[in-house]
Each structure stands twice: as structure tokens, then as C-alpha cells.
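Fold and geometry: a report
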Amino acid sequence: MRLDKFFRNLQQDIKTFIFFLLLICLFRIAFICFFHDSLDASTANADIIMANLAGMRLSMKSAGAIMAVGFISCTVIGGLIFPRINFYKLRLTLGGIGITLLTILFCARFPYYKLFHAGFGAEIAEGLQDDHQAIFSTMLDEYQLIPRLAVAILLSFVIFMAYRRVIRTRTFGLPNVKVMRHSVLAWISMLVFVLVSFFFIRFGGSFSYTHSLNWENAGITGDTFLNEMILDDLQGLYRAQSIYKRMKTGKIEYVDSENIRDSLRLLSDGNQSSDKVSGYITHIVKGAKIKKPRHIFIILGESWAEWPLLPKYEGLHVADGLKSLMQRPDAYHTDTFMPNGEFTMIGITGVVTGLSEVGIRVNNRPRTFNEVYPTSMAPQFKSLGYNVDFWYGGYPSWDNIKRTVLAQGFDHFWSCPDFGGTRQSIWGTTDENIFGALSSHINDEAPTVHVIMTVSNHPPYNLDLAAEGFDTVTETNRIKEIMPEVKNPEELAVELGHYWYMDKVVTAFVNATLEKYPDSLFVITGDHAVRMDPGPNTSLYEHQAVPFVIVGDGISADYFAEHMTGGHTAIAPTLIELIAPEGFEYVSIARSMTLGAQPAFNRNVWLTNRAAGNIADDKAEDLAGMNGDYSSDKESLLPWIRAMRTASWQLIMKGDNLDG
């Protein structure tokens, strides 16, 4: 009886595996069809077929994982231990749970992909550390959580009914085995089948890890979109979990913890030996280039991307304010500037601590709250006689932001509850309220440095744009004319309207402050760019680059090269080299942008003034119109990326002492 029951249950497992494998593959095909505009123009049908075949191999693991739950519960436990009990309803229930999970993930991936242009991955790992209530509210308000969930449940029911029909199809029993050796042979045959199938499914259509597919090597086509589609949603979640584990352990590419001193020597000014990290990366100013400003403002604009400033998008007129500042004689702008990462807090910690992203949440590390990193900006500007404040349009508890900046030496932290800013959304108050409060706070008594993080250009996009003077209908028509490939111009118009509002408010603040305090200095950049893209085939550069604009008395473009590269960690040393007296010492892993091109990179992408490319693979995109081979660009950057990440890792994980 047990033999026959096991054989019949095994057939149900096979049907379950095939059903879920086909379901996942159908979901993949449907998603590719819906977002077909995201395919590169050069992508051939053969690439699409290859991606789907690779996806089917990888999804064998996902379908196998779902099948394994029923196999263990119904076939092994039910069929062998309790052969007289019918586990049919349990199998249906487990299948229904699997269907519901896959369908909800499938429906959730649509807004997720529109937001991040990727399947589930690092963004989830970051979100686990974010404000859960704020994220949930954004999902409700901006991404129609309830309607999407209702659609997912309805679709799950339809799919479940199909699964039930499959499970109800006939199974075949074994012939009546009366000879013991035949019974043993049958058991051995089924056991071999189970073991062979296990390895074949586990390794995604092969029998060894060498030929296996996994989320790290699945990108086998030249199309970024197709490579993301190879991963089904369960594999995407597995990728997110893997990245999260690496973030917790600090594991990231190009951290050479075994050869720290070699990395530090590359970053040094000739300091060849020291028992401290800071000993290698202490720099000496040769002399101030401009008169010391009374007030310095470092403005991190939420999702302030560079691409709306590009000539081909000039007709959108959403960045006219910043462009007017760039055209001043006392201003400089570079279009080859990279954020420290792809999330707000990583951008903030890059500016505040001067440390590159290394997969470790600096704002959650005990060391961050127990000691000040030698590269942190606040103590170094205090040594120049400044009070250093941080202004945030949100709430002080978000992502440990208040605790982090105060622990790193800032004198004050101001958030919307402190200055009574009216709530715009779950993320905080309007940019107008932030800068209004800051304007009222400034006086001429003490030199100050202010780091300001805006919040209005963030989902849910709920500003009354018409009341602010922005016509979304006009902007929609502009998008249709300039960017005909955009699928939802009305939606992009609303997002651009919030970008325009941020641009307007910041520009007004800069102009008003310069009129009242002409000896002020401003740095304007973005915390990150990812979220609002100009179309389905967005380039790496457009997806990642943020502006860098410096405005103030004495600033000249002569101090910088055209298309100077740099990133968030270069902001503090650049300001110090501009204003500090001869002989002033400061600590930084990055060099001043006045001293030449700086490495421009974050976790995933590198940037030069000729090209942008992926750090993890050989993909590169032309910026200079020369259609050349840019492998040398990446190769020249890799030693610097390794050195800056290694120095940052050492300071975060081990501290300043090299032998401690």
C-alpha cells in the first residue's frame, strides 16, 4: 500500500512542478510583453528566446522549492508514515498558497520595475532598514496597494481553479507487486528518480554547480531588461536576501581587507607608513582660493537627477532655476557627478561621514554612535571656525538620521517638528517650509555650514502643482513631443512637476540668501537619481548621475576642469581646498575636485567624462560620442574604487587603528 501511495503522490508532485514552472514562465512572458518598450533597439528575437530559456532553467529552482513543500508534507510524511490518510486537501492548500504568493509578487513587480527598472533585489534589502510605516503609506497612496491586491487575489483564484483541475487528473497505480525483489526494485527506482530530479532541479537544468544558473550569473544576454527578466520573483527575493546578508557582513566587491595599507598608500599624499588610517589620508591645503564665506550651504535635493539638465530635455523647462544659477559668472557645474549610492541615507552618510558605500549601513553601526570617523565633515569645518547644522524636511527618527549626524559632530539637527513644518506627506514637510525656516534661522553673527536634505520630490507625489504654478497638461504635451517613447506621459508630468517645484524653491532660496549674505557659498546636488527616468530605455548615466553646482563669491570655472568627475565624498575636501588657509590639515578618502578628476562611482556604476558602465560586468555606454572601447576607463578606476572602499570598510568595521 505504501509503495502504491508513494507512486501516486509522486505523480502529483510532478504535475505540481510542471504547473508552477509553466505559471512562472507565463508570468515572465507577460511581463516582457507589457514592458517590451524597455528592450534595446538592437535586441534580436534570438536574445528574447535565449532569456526565456535561461529563465525557465532558473525557475526550475523556484518551482522545485514550491513542489518540495508538498513532496515532504504529502508524499513523504503522508504517503509513508500515514498511508491511510488522504492528504489531497493539504496539497491543494499548499498549492493555493504558492499560487497566491507568486501572483501577488507578479502584480507587485509592475510598480516596482517602473520605480527601480529592476526586478526584486537590493532595493528591498535597503527598504528593510527604512521607515516601514512610511513605505506602507506610500504603497497605499502612490502605488494603489489595495486595488492591486484585489486584482492579485482574483487572478490567484482563477489560477487555483486550474491547478485544482490538474491535481484531480488521473494518477496511475503500480501493478500488484507480489515478489519482494520487485518491490525493492520499484523502491530503488523511485528513490533514484527522486535524487536525480532533485539535483537536476537544484542546479537549474544541470547536475553540477559549475554549469548551474543563479542570480549572479544569469545575465547572459546583452539586454539589461532581459537579464532582469531571467530572474523570476522568487529568485529576485532570494537575491534581495543574499544582498541583505552581505550588507550585514560588509561583503562587497573590491574591498581588499587583506591589503589595506596598499590601498591607503594610493589615497595618500606620499605618507608611506602610519599605524592609523587617518595618517595615510591626511592632506595639507596649499592655500585658499577664495575668501572664506560667511555661510556654506550643501543642498541634497531628493531624487535630483542630472538628466533634466541635458540639452535634449531643455524643452521640458523643469530645471530652469538651476540652469540660471549655473550661468552665473560665480558658478561652476559638472555633468559627470555620481551619488554615493542609490538611496537617500547612503547619499547623506557619504556627505556627512566622507565614506564610500561598502554594503554596510553606517547609520546602524554601533561605531558610528561611539566615535567620530576621522573623515567626517563636521569636526573639520568646526576647525575652520564654523557651526555645523543639519536640516531635514522629514522626521528625526527616520533611519537613525538625527542620531547619526549628531554623533558625527554636527552641532544641531533640525527637522519638521522642530520648525513646525506642516506635513506634506508621510515623509515630511514641503521644501518651501524647510528653506523658509532656514532663512529665518540664519544670522550674521557666526559662520555656519548647513547640510539640507529636501523631501518634496518623493512619492507620494501629492503637491498641489497647479497652486504652485505648474501646468501638468502643458508638461504632458511637452513630454509627448520631446519623449514620444514614454508610456505614461501624464504620470511623468506629475513627477517632473515635483522636480520643478524643488528646483524653483532651491533657486529662490539661493538668490534671496546671496542678496542678503553675498559672502555665502552653495553646493547643490542630489541624494540619488534613481526613481524618475526619462523613458523605458534609460541609459546608465541618466539613471544614476546627479548634478554638481557650486555657486558663490569668488567661485570660478577656472578652478575646475570641464566635465570634472567626482562624487559625494569629494564635496567636503573640495570646499576645504577652496576656503582653508595654507597648512590646514584635513582627512579624506577622496581628493578635492580642484586637484583634478576624482573617481566617480557607487555600488553598481562607474562614471568618467567619456563613459558610464557597470562595476560588476563589462557593460559600458558612450558619453562622448566617439563609440570607442572604454574598458580602459574602468580599468583605470578600479584601483581607486578598491582603495576608497577598502579604506571606508576599515574605518567602519575596525576603526582608525590599523594594528588594533
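We now turn to the structure provided with this report. Everything quoted here is computed from the prediction, not taken from an experiment. (Residues numbered from 1 in each chain as written. Predicted model: local features only at pLDDT ≥ 70, side-chain atom pairs only at ≥ 80, totals over all residues. Heavy atoms only, no water.)

1. Focus on the overall build of the protein chain
Going by this rule: Numbering of helices and strands starts at the N terminus; helices are DSSP runs of H or I of at least 4 residues and strands are runs of E of at least 2. C-alpha atoms define the radius of gyration in this analysis, and the globule rule sets the expected value at 2.2 Å times the number of residues to the power 0.38. Here's how the labels work: a residue is buried when its accessible area is under 20% of the maximum for its type, exposed when over 50%, partly exposed in between, all with a 1.4 Å probe on protein chains only. Throughout, the Shrake-Rupley method with a 1.4 Å probe supplies accessible areas, and for residues the shown protein chains are the sole cover considered. Charge counting treats Lys and Arg as positive and Asp and Glu as negative, with His and both chain ends excluded. For charged residues, the charge sits on one atom: NZ in Lys, CZ in Arg, CG in Asp, CD in Glu.
Helices and strands together make up the secondary structure of the protein chain, namely 24 helices and 16 strands. Relative to the compact-globule value of 26 Å for 660 residues, the protein chain shows a C-alpha radius of gyration of 28 Å, a close match. Taken along the three principal axes of its C-alpha coordinates, the protein chain extends 100 × 60 × 50 Å. When each of the 660 residues of the protein chain is scored for burial, the buried share is 56%. Per element, the accessible surface of the protein chain, about 27,900 Å² overall, is 58% carbon and sulfur. The average position of the 57 basic charges and that of the 69 acidic charges among the side chains of the protein chain differ by 16 Å.

2. Some points on the packing of helix α1 (residues 2-34) against helix α3 (residues 88-116)
Cut-off, in case you're wondering: Only the stretch in contact is used when fitting a helix axis, every axis being a line fitted to C-alpha atoms; angles between N-to-C directions are given from 0 to 180 degrees. Oblique is the label for any angle not covered by the other classes, which are roughly parallel (under 35 degrees), roughly antiparallel (over 145) and roughly perpendicular (65 to 115). Two helices that cross are described as forming a left-handed crossing if the nearer one is turned anticlockwise from the farther one by less than a right angle, and a right-handed crossing if clockwise. We call two residues in contact when some of their heavy atoms are within 4.5 Å.
The geometry of α1 relative to α3 is characterised by a closest axis approach of 11 Å and an angle of 15° between their N-to-C directions. Here α1 lies roughly parallel to α3, going by the angle between them. Crossing hand, α1 versus α3: right-handed. Of the residues in α3, those in contact with Asn9, Gln12, Asp13, Thr16, Phe19, Phe20, Leu23, Ile24, Phe27, Ala30, Phe31 and Phe34 of α1 are Arg91, Gly95, Gly98, Ile99, Leu102, Thr103, Phe106, Arg109, Phe110 and Tyr113.

3. What about the pairing of strand β3 (residues 331-338)?
Heads up, the condition is: Pairs of strands are assigned from DSSP output, requiring at least two bridges between the strands.
Burial analysis of β3 places six of its eight residues in the buried class, which makes it a mostly covered element. Where β3 lies against strand β10 (residues 546-552), five bridges are found, and the strand directions are antiparallel. Across the sheet, Phe337 pairs through a bridge with Val546, a residue of β10. Direction of pairing for β3 relative to strand β11 (residues 565-567): parallel, over a ladder of three bridges. Paired with Met338 across the strands is Gly567, a residue of β11.

4. Concerning unusual backbone geometry
Omega for the bond connecting Pro459 with Pro460 falls within 30 degrees of zero, at 0°, which places this linkage in the cis form. Note that Pro460 resides in the loop between β8 (448-453) and α19 (465-468). Notably, Asn400 is not glycine yet its phi reads approximately 60°, a positive angle. Mapped onto the elements, Asn400 comes out in the loop between β4 (387-392) and α16 (401-407). A positive phi angle, close to 150°, is found at Arg531, a residue other than glycine. Position of Arg531 relative to the elements: it lies in the loop between β9 (520-526) and α22 (540-544).

5. Overview of the sheet that holds strand β14 (residues 605-607)
The sheet built from four strands is open, its strands ordered β13-β14-β15-β16 with antiparallel pairing. Both edges of this open sheet fall to β13 (600-601) and β16 (620-622), since each of them pairs with a single strand only. Pairing of β14 with strand β15 (residues 611-614), which is carried by three bridges, proceeds in the antiparallel orientation. Residue pairing in the sheet places Leu607 in a bridge with Ala612 of β15.

6. Considering the sheet that holds β10
The strand order across the open sheet built from eight strands is β5-β4-β8-β2-β9-β10-β3-β11, with neighbouring strands paired in mixed fashion. Of all the strands in the sheet, the pair left with one neighbour each is β5 (412-414) and β11. Averaged over all neighbouring strand pairs, the angle between strand axes comes to 25°, with direction disregarded. Direction of pairing for strand β2 (residues 295-301) relative to β9: parallel, over a ladder of seven bridges. Counterpart to Phe297 in the pairing with β9 is Phe522.

7. Some details on the pairing of β8
Of all six residues in β8, six are buried; the element is thus mostly enclosed. Side-chain alternation along β8 places Thr448, His450 and Ile452 on one buried face and Val449, Val451 and Met453 on a second face that is also buried. In this structure, β4 lies alongside β8, joined through six bridges in parallel fashion. Paired with Tyr392 across the two strands is Met453, which belongs to β8.

8. Topic: the environment of Asn443
Take Asn443: it is sitting in the loop between α18 (431-441) and β8. Each C-alpha atom, one on Asn443 and one on His295, is 9.4 Å from the other, the two residues being 148 residues apart in sequence. Each residue touching Asn443, except ones within four places of it in the same chain, is listed here: His295 and Tyr517.

9. Topic: the nonpolar core
So the rule is basically this: Nonpolar cores were defined as sets of buried Ala, Val, Leu, Ile, Met, Phe, Trp, Tyr and Cys residues, with membership established by side-chain atoms within 4.5 Å.
By size, the foremost hydrophobic cluster in this structure holds 133 residues, and its most contacted members are Met377, Phe381, Phe390 and Ile550. It is helix α21 (residues 489-516) that provides the largest number of residues to this core, a total of 12 residues. Within the second largest apolar cluster, 47 residues are counted, among which are Leu39, Met67, Phe120 and Ile230.

10. Quick word on the packing of α1 against helix α6 (residues 145-168)
One way to put it is that α1 packs onto α6 with a least axis distance of 10 Å and a crossing angle of 150°. Looking at the two axes, α1 sits roughly antiparallel to α6. The two elements α1 and α6 meet at a crossing, and its hand is right-handed. For the pair α1 and α6, the contacting residues are Gln12, Lys15, Thr16, Phe19, Phe20, Leu23 and Phe27 in the first and Ile159, Ala162, Tyr163, Val166 and Ile167 in the second.

11. Description of a nonpolar patch on the surface
As a reminder of what qualifies: Grouping into patches uses exposed residues only, defined as over 30% relative accessible area, and leaves out salt-bridged ones; the cut-off is 9 Å for like charges and 5 Å for nonpolar side chains (Val, Leu, Ile, Met, Phe, Trp, Tyr). We define a salt bridge as a side-chain nitrogen of Lys or Arg found within 4 Å of a carboxyl oxygen belonging to Asp or Glu.
A surface patch of nonpolar side chains, about 920 Å² in accessible area, is lined by Val184, Ile188, Leu191, Val192, Leu195, Val196, Phe198, Phe199, Phe200 and Phe207. As for its placement among the helices and strands, Phe207 is situated in the loop between α7 (180-202) and α8 (224-230). In this structure Phe207 comes out as exposed when scored by relative accessible area, which is 56%.

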